[in-house]
Amino acid sequence: MKKFVLPIASILLINTLPAVAAEHEVGQKNKAFTAKELRIKVGDSVKFTNQDPFFHNVYSLSDLKTFDLGSYPKGEFRSVVFDKAGKIPVECAIHPNMYMDIIVEK
Ligand SMILES: [Cu+2]
(Lines give C-alpha, C1' and ligand atoms only; values in the text may rest on other atoms or scores of the structure.)
Protein backbone atom coordinates (compact mmCIF):
# COMPACT_ATOMS: atom_id res chain seq x y z
CA MET A 1 0.00 0.00 0.00
CA LYS A 2 2.67 2.45 1.02
CA LYS A 3 4.34 2.51 -2.42
CA PHE A 4 1.24 4.26 -3.88
CA VAL A 5 1.72 7.34 -1.71
CA LEU A 6 4.59 8.85 -3.69
CA PRO A 7 3.07 8.68 -7.20
CA ILE A 8 -0.17 10.32 -6.01
CA ALA A 9 1.77 13.11 -4.32
CA SER A 10 3.74 13.64 -7.56
CA ILE A 11 0.57 13.96 -9.63
CA LEU A 12 -0.86 16.54 -7.23
CA LEU A 13 2.35 18.54 -7.46
CA ILE A 14 2.32 18.55 -11.28
CA ASN A 15 -1.30 19.72 -11.31
CA THR A 16 -0.49 22.79 -9.23
CA LEU A 17 2.18 24.01 -11.66
CA PRO A 18 1.14 26.71 -14.18
CA ALA A 19 0.31 25.46 -17.68
CA VAL A 20 3.20 25.97 -20.07
CA ALA A 21 1.30 25.78 -23.35
CA ALA A 22 -2.29 25.08 -24.20
CA GLU A 23 -3.78 23.32 -27.18
CA HIS A 24 -6.82 24.98 -28.72
CA GLU A 25 -9.16 23.39 -31.20
CA VAL A 26 -10.88 24.93 -34.22
CA GLY A 27 -13.16 22.95 -36.51
CA GLN A 28 -13.78 23.38 -40.19
CA LYS A 29 -17.50 22.92 -40.65
CA ASN A 30 -20.01 23.99 -43.32
CA LYS A 31 -17.20 25.68 -45.25
CA ALA A 32 -16.28 27.88 -42.27
CA PHE A 33 -13.92 27.88 -39.33
CA THR A 34 -15.90 27.25 -36.12
CA ALA A 35 -14.31 30.40 -34.61
CA LYS A 36 -14.01 33.76 -36.37
CA GLU A 37 -11.45 34.86 -33.83
CA LEU A 38 -9.40 32.92 -31.32
CA ARG A 39 -7.27 34.41 -28.56
CA ILE A 40 -4.30 32.34 -27.46
CA LYS A 41 -0.96 32.81 -25.70
CA VAL A 42 2.51 32.68 -27.24
CA GLY A 43 3.61 29.05 -27.40
CA ASP A 44 0.08 27.66 -27.61
CA SER A 45 -0.93 25.38 -30.45
CA VAL A 46 -4.12 25.27 -32.48
CA LYS A 47 -5.49 22.02 -33.82
CA PHE A 48 -7.62 22.38 -36.96
CA THR A 49 -10.04 19.49 -37.42
CA ASN A 50 -11.94 18.94 -40.66
CA GLN A 51 -15.59 18.16 -39.87
CA ASP A 52 -16.90 18.44 -43.43
CA PRO A 53 -17.28 15.53 -45.88
CA PHE A 54 -14.79 17.16 -48.25
CA PHE A 55 -11.23 18.45 -48.15
CA HIS A 56 -10.12 21.62 -46.39
CA ASN A 57 -6.78 23.36 -46.24
CA VAL A 58 -5.26 25.68 -43.62
CA TYR A 59 -2.65 28.30 -44.37
CA SER A 60 -1.41 31.77 -43.44
CA LEU A 61 0.76 34.23 -45.30
CA SER A 62 1.32 36.30 -42.15
CA ASP A 63 4.86 37.58 -41.55
CA LEU A 64 4.43 36.48 -37.93
CA LYS A 65 3.66 32.90 -38.85
CA THR A 66 3.72 31.65 -42.42
CA PHE A 67 2.47 28.09 -42.76
CA ASP A 68 0.54 25.73 -44.97
CA LEU A 69 -0.90 22.61 -43.33
CA GLY A 70 -1.91 21.17 -46.69
CA SER A 71 -5.29 19.69 -47.61
CA TYR A 72 -6.91 16.89 -45.65
CA PRO A 73 -10.26 15.05 -45.48
CA LYS A 74 -12.97 14.67 -42.84
CA GLY A 75 -11.88 13.52 -39.41
CA GLU A 76 -8.25 14.49 -39.87
CA PHE A 77 -6.51 17.36 -38.17
CA ARG A 78 -3.28 19.34 -38.34
CA SER A 79 -1.72 21.40 -35.55
CA VAL A 80 0.43 24.50 -35.59
CA VAL A 81 2.32 26.26 -32.77
CA PHE A 82 2.16 30.06 -32.63
CA ASP A 83 5.42 31.43 -31.26
CA LYS A 84 5.08 35.19 -31.90
CA ALA A 85 2.53 37.68 -30.58
CA GLY A 86 0.20 39.44 -32.99
CA LYS A 87 -2.83 38.97 -35.22
CA ILE A 88 -2.52 36.12 -37.70
CA PRO A 89 -5.08 35.70 -40.48
CA VAL A 90 -5.79 32.06 -41.31
CA GLU A 91 -7.45 30.91 -44.54
CA CYS A 92 -8.41 27.84 -46.55
CA ALA A 93 -6.94 27.62 -50.06
CA ILE A 94 -9.89 25.54 -51.31
CA HIS A 95 -12.67 27.83 -50.04
CA PRO A 96 -11.75 31.52 -50.45
CA ASN A 97 -14.57 32.59 -48.07
CA MET A 98 -13.07 30.64 -45.17
CA TYR A 99 -11.21 33.05 -42.94
CA MET A 100 -10.39 33.55 -39.27
CA ASP A 101 -7.99 35.50 -37.07
CA ILE A 102 -5.75 34.05 -34.39
CA ILE A 103 -4.81 36.68 -31.82
CA VAL A 104 -1.60 35.62 -30.11
CA GLU A 105 -0.96 37.42 -26.83
CA LYS A 106 2.20 37.54 -24.73
CU1 LIG B 1 -12.05 24.78 -46.92
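Rules and cut-offs
Residues numbered from 1 in each chain as written. Predicted model: local features only at pLDDT ≥ 70, side-chain atom pairs only at ≥ 80, totals over all residues. Heavy atoms only, no water. Donors = N, O, S within 2.8 Å, 3.2 Å for Na, K, Ca; no water. Tetrahedral: all angles 85-135°; square planar, octahedral: opposite > 155°, others 65-115°. Helix = DSSP H or I, 4+ residues; strand = E, 2+ residues; numbered from the N terminus. Buried < 20%, exposed > 50% of the residue type's maximum accessible area, 1.4 Å probe, protein only. Salt bridge = Lys/Arg side-chain N within 4 Å of Asp/Glu carboxyl O.

For the protein chain, an unreviewed UniProt entry supplies the name Methylamine utilization protein and the organism endosymbiont of Riftia pachyptila.

**Q** What am I meant to see in the coordination of the copper ion here?
**A** Ideal geometry at a metal centre: 109.5 degrees between donors when four sit tetrahedrally, and 90 or 180 degrees when six sit octahedrally. For the copper ion, every protein donor is listed as His56 (ND1), Cys92 (SG), His95 (ND1) and Met98 (SD), and the spread of their distances is 2.0 to 2.6 Å. What the 4 donor atoms of the copper ion show is an angle range of 90 to 136° at the metal, which sorts the shape as irregular. Each donor residue of the copper ion belongs to the same chain, and together they define the spacing H-x35-C-x2-H-x2-M. Here the residue His56 occupies a position in strand β5 (residues 56-61), and Met98 occupies one in the loop between β8 (86-91) and β9 (99-105), the gap between them amounting to 42 residues. Residue Met98 is classed as buried on the basis of its relative accessible area of 1%.

**Q** Help me out: how do you make sense of the pattern of salt bridges in this one?
**A** A pair can form between side chains of opposite charge whenever their charged atoms are brought close. Inspection of the entire model under this criterion finds 5 salt bridges. Between Lys87 and Asp101 there is a salt bridge, with its nearest N and O atoms 3.8 Å apart. In this pair, Lys87 is assigned in strand β8 and Asp101 in strand β9, connecting sequence segments 14 residues apart. The class of Asp101 is buried, set by a relative accessible area of 9%. If you follow the salt bridges from partner to partner, you end up with Glu37, Arg39 and Glu105 in one network.

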